[in-house]
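What the coordinates show
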Amino acid sequence: MLFFSYFKELVGKEVTVELKNDLAIRGTLHSVDQYLNIKLENTRVVDQVKYPHMLSVKNCFIRGSVVRYVQLPPDGVDIEILHDATRREARGD
C-alpha cells in the first residue's frame with residue numbers, strides 16, 4: 001500500500017511510464033488504483049519513430065502488471081513523506 005498511497009499524491013502531475021515491452025508513455029496521471037493500474041491523460045509516446053501507431057492515443061489505461069518503471073517529476077519526490085510512510089509500514093501502523 002506504500003506505493004499506492006504515494007502515487008495518489010502524484011495525481012495531476014506528469015509522469016513517464018515504461019512498459020515491459022519497452023514502450024515509454026508520458027502523460028498526466030489521472031488515477032491509480034490498489035493494483036497500481038494507471039490511467040494517463042494527454043499522452044505522448046517518448047520514442048515516436050519506433051511507435052508511430054501510438055501517435056493518435058491521447059488517453060490510456062495501463063495495467064499495473066505490465067509496468068516496468070514509473071519516472072516521477074523531480075518536484076514530485078518528497079523524501080520525508082517516503083521515509084515516514086516506510087517507517088509506518090515497517091511498524092505495521
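Residues numbered from 1 in each chain as written. Predicted model: local features only at pLDDT ≥ 70, side-chain atom pairs only at ≥ 80, totals over all residues. Heavy atoms only, no water.

An unreviewed UniProt entry lists the protein under the name Sm-like protein LSM2, with Ceratopteris richardii as the source organism. Heading Function (unreviewed entry) of the UniProt record for the protein holds this comment: "Component of LSM protein complexes, which are involved in RNA processing." (UniProt positions renumbered as here; feature names shortened; annotations may be inferred.)

One pass over the full model with this rule turns up three salt bridges. The partner of arginine 68 in a salt bridge is glutamate 18, and the shortest N-O contact between them spans 2.8 Å. Taken together, the residues arginine 68 in strand E5 (residues 67-71) and glutamate 18 in strand E1 (residues 14-19) connect sequence positions 50 residues apart. Here the salt bridges do not stand alone but share partners, grouping Glu18, Asp22 and Arg68 into one network. (Salt bridge = Lys/Arg side-chain N within 4 Å of Asp/Glu carboxyl O. Helix = DSSP H or I, 4+ residues; strand = E, 2+ residues; numbered from the N terminus.)

What follows concerns the pairing of strand E3 (residues 38-45). Where strand E2 (residues 24-32) lies against E3, six bridges are found, and the strand directions are antiparallel. Bridge pairing in E3 places arginine 26 opposite arginine 44. Connecting the antiparallel pair E2 and E3 is a turn made up of five residues, with leucine 36 showing a positive phi of about 60°. Bridge count for E3 against strand E4 (residues 59-62) is four bridges, and the pairing is antiparallel. (Pairing = 2+ DSSP bridges.)

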